[in-house]
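Coordinates in review
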Amino acid sequence: AYNELLTEFNKAYYADSARGLDPLSDEDKEKMTDEQIEKWENKIKDSLLRRDNTLGSLIDIFRKTMTDSVSLNEKKYSLSSFGIVTGDYSEKGLLKISGDSDFSTSAFSENKLMEALNNNPDEVMKVLNELATKLYNSLTDKMKSTSLSSALTVYNDKELAKQITDYKSELKRMEDRLSELEEKYYRQFTAMESAMAKMNSQSSYLMSMLGMNK
């Protein structure tokens, strides 16, 4: 379950960049198939939390806590003491059990966890409980309520709501400004067309008069 959760975090945090992929307009969508639209929009959605600071700090909390050590009977223990280890850098902090057939890269190693569970299960339980408590407390601190966020939420939801409102107001202001510019340019274009028509009429009249004089 820990690995599944961390995999989801890593997938969102290390997602491919969607730079250059702007939201589709109605006009864009008319030129695309439903499948193309879905792929385009999903790529943008998948990248929303790419390199997000809050998500990055959560990943750090998970990885640091689960590789930390605890004291028990004046002795230091960590998950690695029981053969629960992380893989190489590419696995981004996922845990595996040495000697367990579910983890092919370490299936033929010594299964320290099974040995510890058979010989001293209480010790294993206490160490795991200590680490779980550390993780719980760290996440609770991360989710503490502030003037800008609600209790038991990691993301600053009130601040996000304020930002969305501000963005909508700014978008409305820009749309109004765009409408004003469009109207201004239409008026200028109409005036220019009228002036060109008048000039062409006068030019034709002048040429006609010159022709008559000949």
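Keep in mind that this is a model prediction, so the values were computed, not measured.

1. Remarks on the environment of Leu94
Locating Leu94 in the fold gives a position in the loop between strand S3 (84-86) and strand S4 (95-97). Its relative accessible area of 23% is what places Leu94 among the partly exposed residues. Counting along the chain gives 88 residues from Leu94 to Leu6, while the straight-line C-alpha distance between them is 7.0 Å. When near neighbours in sequence (up to four residues on either side) are disregarded, Leu94 contacts Asn3, Leu6, Thr7, Val85, Thr86 and Gly87.

2. Here we look at the side chain of Glu123
Relative to the elements of secondary structure, Glu123 occurs in helix H6 (residues 121-142). Despite its burial, Glu123 pairs with no opposite charge, the nearest such side chain being Lys75 at 5.9 Å. Discounting residues that sit within four places of it in the chain, Glu123 has contacts with Leu72, Tyr77 and Phe82.

3. Focus on the pattern of salt bridges
Evaluated as defined, the whole model comprises nine salt bridges. Taking the shortest distance from any N to any O, the salt bridge between Lys39 and Glu35 comes out at 3.5 Å. Placement of both Lys39 and Glu35 in helix H3 (residues 34-46) is noted, with a separation of four residues, approximately one turn of the helix. Just as Lys39 is exposed, Glu35 falls in that class too. Glu170 is paired through a salt bridge with Arg173; the nearest N and O atoms lie 2.8 Å apart. Here Arg173 and Glu170 lie together in helix H7 (residues 157-213), a separation of three residues that amounts to about one turn.

4. Structural notes on a nonpolar patch on the surface
A contiguous nonpolar patch, built from Phe189, Met192, Met196 and Met199 and spanning about 400 Å² of accessible area, is present on the exposed surface. Note on placement: Met192 falls in helix H7. Looking at Met192, the relative accessible area reads 46%, which means it is partly exposed.

5. Side note on the nonpolar core
Ranked by internal contacts, the top residues of the largest apolar core, which has 25 residues, are Phe9, Phe82 and Val127. Looking at this core, the element that brings in the most residues is helix H4 (residues 53-66), giving six residues. Those residues in contact with Phe82 that lie beyond four places of it in its chain are Tyr77, Lys112, Leu113, Ala116, Glu123, Val124 and Val127.

6. Some remarks on the pairing of strand S2 (residues 75-78)
In the sheet, strand S1 (residues 69-72) pairs with S2 via four bridges, with the strands oriented antiparallel. Its bridge partner lying in S2, Val70 is registered against Tyr77. Where S1 hands over to S2, the hairpin turn is made up of two residues, of which Asn73 adopts a positive phi near 55 degrees.

7. Re H4
Its 14 residues give H4 an end-to-end C-alpha distance of 20 Å, which sits within 8% of 20 Å, the value for a rise of 1.5 Å per residue. Along H4, the residues that are buried comprise Leu55, Gly56, Ser57, Leu58, Ile59, Ile61, Phe62, Thr65 and Met66. Each element contacted by the buried residues of H4 is listed here: helix H1 (2-13), S4 and H6. At the N-terminal end of H4, a side-chain oxygen is found 3.1 Å from the backbone nitrogen of Thr54, two or three residues along, and the residue is Asp52.

8. Points about the packing of aromatic side chains
A complete count under the given rule lists four aromatic pairs for this structure. Ring centres of Tyr13 and Tyr14 lie 5.0 Å apart, and the angle between their planes is 85 degrees; on these two criteria the pair is classed as edge-to-face. You can call Tyr14 partly exposed: its relative accessible area is 28%. Where Tyr77 meets Phe82, the ring centres are 6.0 Å apart and the plane angle is 5 degrees; that geometry is what we call stacked. Here Tyr77 falls in the buried class, since its relative accessible area comes to 9%. An aromatic cluster is present here, built from Tyr2, Phe9 and Phe62 joined pairwise through their rings. When the ring centre of Tyr14 is taken as origin, the NZ or CZ atom of Lys92, which lies over that ring, is 4.9 Å away.

Criteria and thresholds
Residues numbered from 1 in each chain as written. Predicted model: local features only at pLDDT ≥ 70, side-chain atom pairs only at ≥ 80, totals over all residues. Heavy atoms only, no water. Helix = DSSP H or I, 4+ residues; strand = E, 2+ residues; numbered from the N terminus. Buried < 20%, exposed > 50% of the residue type's maximum accessible area, 1.4 Å probe, protein only. Contact = heavy atoms within 4.5 Å. Lys, Arg positive; Asp, Glu negative; His and termini not counted. Salt bridge = Lys/Arg side-chain N within 4 Å of Asp/Glu carboxyl O. Patch = residues over 30% accessible without salt bridge, like charges linked within 9 Å, V, L, I, M, F, W, Y side chains within 5 Å. Areas by Shrake-Rupley, 256 points an atom, 1.4 Å probe, with all protein chains shown as cover. Core = buried A, V, L, I, M, F, W, Y, C linked by side-chain atoms within 4.5 Å. Pairing = 2+ DSSP bridges. Expected span 1.5 Å × (residues − 1). Polar contact = N/O pair within 3.5 Å; in protein donor to acceptor, adjacent residues only side chain to side chain. Phe/Tyr/Trp six-rings, centres within 6.5 Å; stacked < 30°, edge-to-face > 60°. Lys NZ or Arg CZ within 6 Å of the ring centre and 35° of its normal.

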